[in-house]
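Per-entry structural report
Listed below are the residues making up each chain.
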Amino acid sequence: MVVPQEGTLLSWEDTQKYADHVRKQGVKQFIRIYHKVKDRSCETFKWGDETEHMLISLDHSERKAFLLLNSMDGIPLVQKSASKDPRFCGEYGSFWVTELPAHLIESTPGKPFELDGTSLTAVEANMKLRRKQINSVLRSHHGRLDACLTLSSFPRNGCKGARIPRKHVNSPTSALQDLIIATEELICPFPRYGAVIRNPEKRRGTEVAINVPVFKDENTDLSQVSEHEAAKPGHVVLEVAVLGIGVAALQVTVQGSDLKEAKYIHDQFVPLSPIMMPVSAAAPIRQGFLTEWDCRWGTLSPAADCRTQEEMGLKPLENQHFRIPKSRMGTANGYLSSVNAKLNDSYFPFDEELYQQFVNEGMDILFARHMARQFIRDPLYILRERLHQNEDESDHFENIAGTNWQCVRFKVPPENSDIGWRAEFRTMDTQLTDFENAAYVVFMVLLSKTIVNLKLDFTMPISRVDENMEIAKLRNAVREGEFYFRKDPYLNKERSDETVICKMNINTIINGGATPEGADFIGLIPLINRYIDSMKDIDKEQRSTLNDYLKLISDRAAGRVKTTAQWIRDFVDQHPGYKHDSVISEDITYDLIKLCSDISNGTKEALHIKCST
Amino acid sequence: MEVPRIPQASSLIINSGNVINFECLKKRKRIAQSTTEELKDCLKTVLDSRLKTINWDEEKFKTSLEFTVPCCNPALSDEQTREDLKVTVKAMMCNADPEVIVDAIHRVLKELDTDIIDVLLLSVSEKPNVIETFHMDHLKTLWSVLERMVDKGQIKTLGVCDLEKPALEELYNWAKVKPSIDQVNEISCCIIPPDLNAFSKEKKIQLLTHGDALEILPAEDFQELMKESFSDLDAQGWHTSWVLRYTALIRCRGVITRKGYTVRAQRNLNNI
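Residues numbered from 1 in each chain as written. Chains lettered and ligands numbered in written order. Predicted model: local features only at pLDDT ≥ 70, side-chain atom pairs only at ≥ 80, totals over all residues. Heavy atoms only, no water.

**Details of the packing of helix H17 (residues 524-534) of chain A against helix H18 (residues 540-558) of chain A**
All names here are of chain A. Put simply, the test is: Here the axes come from fitting lines to C-alpha atoms, over the contacting stretch only for helices, and the angles between their N-to-C directions go from 0 to 180 degrees. Think of it this way: any DSSP run of H or I at least four residues long counts as a helix, any run of E at least two long counts as a strand, and we number them from the N terminus. In this scheme, roughly parallel covers angles under 35 degrees and roughly antiparallel covers those over 145, while 65 to 115 is roughly perpendicular and the rest are oblique. In what follows, a contact means two residues having at least one pair of non-hydrogen atoms within 4.5 Å. Lys, Arg, Asp and Glu make up the charged group, whereas Ala, Val, Leu, Ile, Met, Phe, Trp, Tyr, Cys and Pro make up the nonpolar group; the residues left over, Gly among them, are polar.
Where H17 meets H18, the axes come as close as 11 Å, and the angle between the chain directions of the two elements is 170°. One element, H17, and the other, H18, form an angle in the roughly antiparallel class. Across the interface between the two elements, Ile 525, Ile 528, Asn 529, Ile 532 and Asp 533 from H17 touch Arg 543, Leu 546, Asn 547, Leu 550, Ile 553 and Ser 554 from H18. Residue composition of the contact of H17 with H18, by class: six nonpolar, three polar and two charged.

Pasting the structure below:
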């Protein structure tokens with residue numbers, strides 16, 4: 001969660017000058033915090049979701065859909081309105097923050113959920129409440145209706161005439177068509193955000209060009225999709241980094257009972273992170289084209305890539321210290337529990353000296369290495385007022401840790417709190433309805449409890465996880481993708497070589513079934529059911545809700561229900577205005593967004609997620 | 001000629017100990033195994049391991065046998081207190097003799113090394129005492145015993161299983177300690193009957209679900225097990241008198257630290 005702080009930004013030159021200062025102080029702060037929190041144990045299991053909403057505006061008379069770039073204005077309104085009326089807060093309340101892209105806004109429950117009584121099923125009601133809160137403060141202008149939408153990717157984000165900048169929210173639709181929008185206007189105007197998105201480009205020394213392969217339909221002319229000089233053949237190019245990350249995510253955080261259990265959960269989330277991508281896929285259209293990718297994940301990593309030519313291995317190392325194989329936003333760099341040491345088979349550099357220092361402070365080897373890896377990165381921004389820190393502050397540590405975005409984030413507890421060690425699962429796309437979002441969140445929470453309870457193990461060599469990630473984002477990976485997965489999910493560390501994994505499809509992984517090698521895999525949902533059945537105090541109504549959630553995931557994995565991405569593709573395919581050329585016109589966008597909005601906000605039933613069997 | 005190995009035995013108790021890490025339960029593959037199969041697997045595992053070291057000459061003359069897996073780990077670890085733990089026991093009674101249920105519950109208390117059960121769920125067989133047909137009086141007889149245990153502080157909360165609205169209402173109106181839970185079968189009761197739903201809401205009776213068969217351990221299944229573990233001749237005449245399943249859950253973490261079965265079977269040697 002990013003809470004914007006006001007302050008004066010240092011120039012990129014000064015930020016570089018003070019990079020070592022920030023790193024050194026950050027290390028000191030981390031060591032201090034580590035000693036304070038290393039033995040922290042939290043008996044109560046807590047969890048929560050982070051759901052990103054997109055702000056849109058619909059002009060029904062002109063048949064146009066726009067993306068609104070004014071999330072910044074919504075936050076104080078929604079917080080004020082929620083605090084004014086306690087009925088509006090429910091049992092758990094809500095918390096709202098801006099995101100870097102100016103059209104996204106993130107909501108979380110006001111306090112974490114636990115595992116008692118009804119909180120597994122309370123998340124959906126809380127999501128509904130949050131949606132109500134945000135919709136209640138959205139105003140409409142000039143016949144346009146503003147709304148929030150839990151949709152991962154706006155089809156024409158990046159195209160001309162598809163967005164309304166903050167200063168133009170009061171302009172009539174006719175004035176928006178030929179508007180030239182500056183990159184600045186795509187970014188929520190907190191100083192930090194601008195730096196975080198611009199400075200990777202400055203550091204790298206080359207302009208960003210995010211290539212996304214275009215889906216080839218009957219009439220698609222792949223040679224005509226982009227005129228950008230950095231375009232690969234048949235690819236559309238997102239020209240600015242913010243377009244790469246301007247896609248909405250659904251994230252889940254769970255708290256371990258202590259450092260050891262949190263590391264265990266982190267390590268299990270790592271191999272699961274590619275698996276949940278095809279099941280939650282919801283971003284098949286980018287910048288006006290149907291693409292070869294179903295998930296949002298593919299464009300994140302290039303958008304935040306700050307590596308120089310030297311670090312990428314394109315030039316000999318002179319000014320920098322390391323060759324770095326991955327962007328600072330990407331797949332997990334390694335496992336954290338010592339038992340998984342052998343599985344960290346991909347090279348990733350770390351600062352040896354720092355590593356030694358962490359080990360001397362009593363951290364175990366893998367955790368020390370994980371932290372030493374984070375500190376090879378430069379800070380992406382520095383606020384002048386925060387440069388020199390008091391003994392008890394921790395901005396520099398948070399700066400470095402908060403700009404290492406892996407698909408699973410291991411969260412160090414804040415020192416002055418009773419919050420414990422946590423793992424955050426970050427690869428899922430947001431779904432249209434609260435029911436779906438609740439289903440995915442609860443699925444992950446139940447899965448993490450099942451893993452701990454039944455002592456399960458899904459780890460595999462990290463290089464295999466990376467291979468799975470590459471397949472996971474592809475079009476129709478939910479049906480066609482083959483993923484490495486562990487055949488026997490029960491923890492048995494004597495057998496962790498390659499023979500314990502084999503390729504399976506998503507259906508087998510989620511629902512169980514025969515693997516290509518002949519053996520049966522039990523399936524994640526049967527395992528979860530085994531856990532739920534062993535909990536004797538889930539009442540009938542709750543159990544039936546949990547069954548509905550699990551059924552959605554099961555149906556999508558089995559192909560009985562379309563994923564959001566498949567549903568969007570089919571909608572486009574059947575749209576009378578679609579010329580089967582992969583191009584998403586304003587007209588199609590309007591109809592799609594209108595339908596999404598009706599479904600998302602409950603005025604139309606989400607028929608596409610119903611399954612008769 | 002084959003001779004029976006336990007010719008004198010008319011009572012047999014098997015205590016599984018903690019089954020959480022039983023390999024046989026992990027091996028279950030695709031289709032969710034019924035609790036009957038789970039129970040049979042556990043009992044087989046216990047017998048297999050205990051019979052390896054048994055002195056058959058001694059067993060020959062015993063009238064009651066007991067096979068127990070000694071428990072290696074306590075239900076409570078050092079960090080937790082008893083309050084953190086929720087102990088639930090489901091007593092599935094085929095024998096409606098009040099003394100039998102007292103004995104059964106005491107065994108579980110001893111096994112878990114605790115003096116109180118948080119939730120006790122009572123389920124009475126369709127055919128109590130083998131020959132009779134279920135009647136509310138069977139249930140009430142056992143319920144009275146449990147009420148006394150509540151008075152003594154040995155049980156906190158009482159629940160029943162598979163009662164439809166008229167029976168639940170009858171028990172509710174009659175009982176001194178009211179049922180707080182009605183645990184209904186999730187297969188036979190996909191949709192909660194409206195009258196049961198309304199009544200339980202009004203009386204604040206929680207409706208929970210279970211996946212246990214009406215007879216969790218039918219006589220034929222137990223005899224089959226005896227046949228495999230002892231001999232054809234030793235298998236005759238046995239029927240279940242009770243099955244108790246217990247779980248210990250760390251409340252706030254949803255983690256089950258202990259789960260086990262205690263089973264008693266009996267036979268009348270004169271009838272064989």
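**Structural notes on the nonpolar core**
The criterion, for reference: To qualify as a nonpolar core, a set must consist of buried Ala, Val, Leu, Ile, Met, Phe, Trp, Tyr and Cys residues joined through side-chain atoms within 4.5 Å. Note on exposure labels: buried denotes an accessible area under 20% of the residue type's maximum, exposed denotes more than 50%, and partly exposed covers the range between, all computed with a 1.4 Å probe on protein chains only.
Ranked by size, the top nonpolar core spans 198 residues in total, and within it Phe 443, Phe 485 and Ile 510 of chain A together with Ile 105 of chain B carry the most contacts. Examining the composition of this core, we find that 13 residues originate from one element, helix H13 (residues 434-454) of chain A, more than from any other. Excluding anything up to four places from it in sequence, Phe 485 of chain A contacts Pro 271, Leu 272, Ile 275, Phe 458, Met 460, Val 500, Ile 501, Cys 502, Met 504, Ile 509, Phe 521 and Leu 524 of chain A. Ranked by size, the runner-up nonpolar core spans 29 residues in total, among them Cys 42, Leu 47, Phe 230 and Val 263 of chain B.

**Notes on the sheet that holds strand E1 (residues 11-15) of chain B**
All names here are of chain B. Stated formally: The pairing criterion for strands is at least two bridges between them, as found by DSSP.
Taken together, nine strands build an open sheet; the order of strands is E2-E1-E9-E8-E3-E4-E5-E6-E7 and the sheet is mixed. The sheet is open, and its two edges are formed by strand E2 (64-68) and strand E7 (206-210), each paired on a single side. Ignoring strand direction, the axes of neighbouring strands in this sheet form an average angle of 20°. The sheet contact formed by strand E8 (residues 239-250) and strand E9 (residues 255-266) spans eleven bridges and is antiparallel. Directly across from Ile 250, in E9, lies its bridge partner Val 255.

**A word on the packing of helix H10 (residues 352-360) of chain A against helix H11 (residues 365-374) of chain A**
All names here are of chain A. Applicable threshold: Should the near helix be turned anticlockwise from the far one by less than a right angle, the crossing is termed left-handed; should it be turned clockwise, right-handed.
Direction vectors running N to C along H10 and H11 enclose 140°, while the axes themselves pass 9 Å from each other. Judged on the interaxial angle alone, H11 and H10 are oblique. When you trace H10 past H11, the crossing you get is right-handed. Along its contact with H10, which presents Leu 354, Tyr 355, Phe 358 and Val 359, the element H11 presents Ile 365, Ala 368, Arg 369, Met 371 and Ala 372.

**As for the interface of chain A and chain B**
Counted only if it meets this: Definition used for salt bridges: Asp or Glu carboxyl oxygen within 4 Å of a side-chain nitrogen of Lys or Arg. For this analysis, a polar contact is any N or O atom pair within 3.5 Å, provided that within protein one partner can donate a hydrogen and the other can accept it, and provided that sequence-adjacent residues contribute only side-chain to side-chain pairs.
Counting from both sides, the interface comprises 34 residues of chain A and, opposite them, 33 residues of chain B. With a closest N to O distance of 3.3 Å, Glu 541 of chain A and Lys 201 of chain B form a salt bridge. Run the count over chain A and chain B and you get ten residue pairs in polar contact (both at pLDDT 80 or more). Those elements that provide at least two residues to the side of chain A that touches chain B are H13, strand E18 (513-514), strand E19 (520-521), H17 and H18 of chain A. Ranked by residue count, the leading element in the side of chain A that touches chain B is H17 of chain A, at five residues. Residue composition of the side of chain A that touches chain B, by class: twelve nonpolar, eight polar and 14 charged.

**Observations regarding the pattern of salt bridges**
Enumeration according to the criterion identifies 57 salt bridges over all chains in this entry. Here Glu 415 of chain A ties to Arg 32 of chain A by a salt bridge, and the two come within 2.5 Å at their closest N and O atoms. Linking Glu 415 of chain A in the loop between strand E14 (408-411) and strand E15 (422-429) with Arg 32 of chain A in helix H2 (residues 19-37), this pair joins segments that are 383 residues apart in sequence. You can call Arg 32 of chain A partly exposed: its relative accessible area is 26%. Between Asp 103 of chain B and Arg 107 of chain B there is a salt bridge, with its nearest N and O atoms 3.3 Å apart. Pair noted here: Asp 103 of chain B and Arg 107 of chain B are both in helix H4 (residues 98-112), with a separation of four residues, about one helical turn. Residue classification places Asp 103 of chain B among the partly exposed residues on the basis of a relative accessible area of 31%.

**Comments concerning the side chain of Lys 326 of chain A**
Residue and element names in this part refer to chain A. Mapped onto the elements of the fold, Lys 326 is located in the loop between helix H9 (309-312) and strand E12 (329-330). What makes Lys 326 buried here is its relative accessible area of 15%. A distance of 2.8 Å separates the side chain of Lys 326 from the backbone oxygen of Ala 332, its partner in a polar contact. Among all residues touching Lys 326, those that are not within four sequence positions of it are Arg 307, Thr 331, Ala 332, Asn 333, Phe 348, Arg 377 and Asp 466.

**Quick look at the confidence of the model for chain B**
Do not read the predicted coordinates in detail wherever pLDDT is low. Cut-off, in case you're wondering: In predicted models, pLDDT denotes the confidence assigned by the predictor to each residue on a 0 to 100 scale.
On average, residues of chain B score 87 in pLDDT, and 92% of them are at 70 or above. Quick note on the complex model: pTM equals 0.89, ipTM equals 0.72.

**Some words on the packing of aromatic side chains**
All names here are of chain A. The cut-off we apply is this: What counts as a ring pair is set by centres within 6.5 Å for rings of Phe, Tyr and Trp (its six-membered ring), and what kind of pair is set by the plane angle: stacked under 30 degrees, edge-to-face over 60, tilted for all other angles. Cation placement over rings: the criterion is NZ of Lys or CZ of Arg within 6 Å of the ring centroid and within 35° of the ring normal.
Tallied over the entire structure, the rule returns 22 aromatic pairs over all chains. Both rings, one in Phe 30 and one in Phe 358, keep their centres 5.3 Å apart while their planes meet at 80°; by these two values the pair is edge-to-face. Note that Phe 30 is positioned in helix H2 and Phe 358 in helix H10, a separation of 328 residues in sequence. Each of the two residues, Phe 30 as well as Phe 358, counts as buried. Ring geometry for Tyr 92 versus Phe 113: centroids 4.6 Å apart, planes at 55°, classification tilted. One end of the pair, Tyr 92, is in the loop between helix H3 (71-84) and strand E3 (94-98); the other, Phe 113, is in the loop between strand E4 (104-109) and helix H4 (119-137), and 21 residues separate them in sequence. Comparing Tyr 92 with Phe 113 shows no difference in burial state: the two are buried. One aromatic cluster in this structure is built from Phe 30, Tyr 34, Phe 358, Phe 367, Phe 375, Phe 397, Phe 410 and Trp 421. Positioned above the aromatic ring of Phe 66, the side-chain terminus of Arg 144 is 5.9 Å from the ring centre.

**Considerations on the pairing of E4 of chain A**
All names here are of chain A. Most of E4 sits out of view: six of its six residues are buried. Along E4, one buried face is formed by Leu 104, Glu 106 and Thr 108 and the opposite face, lined by Ile 105, Ser 107 and Pro 109, is buried too. Note that strand E1 (residues 47-59) and E4 share four bridges and pair antiparallel. Bridging across to E4, Met 54 finds its partner in Leu 104. For E3 and E4, the ladder comprises five bridges, and the chain directions are antiparallel. Looking at E4, one finds that Phe 95 is bridged to Thr 108. The antiparallel hairpin formed by E3 and E4 contains five residues in its connecting segment.

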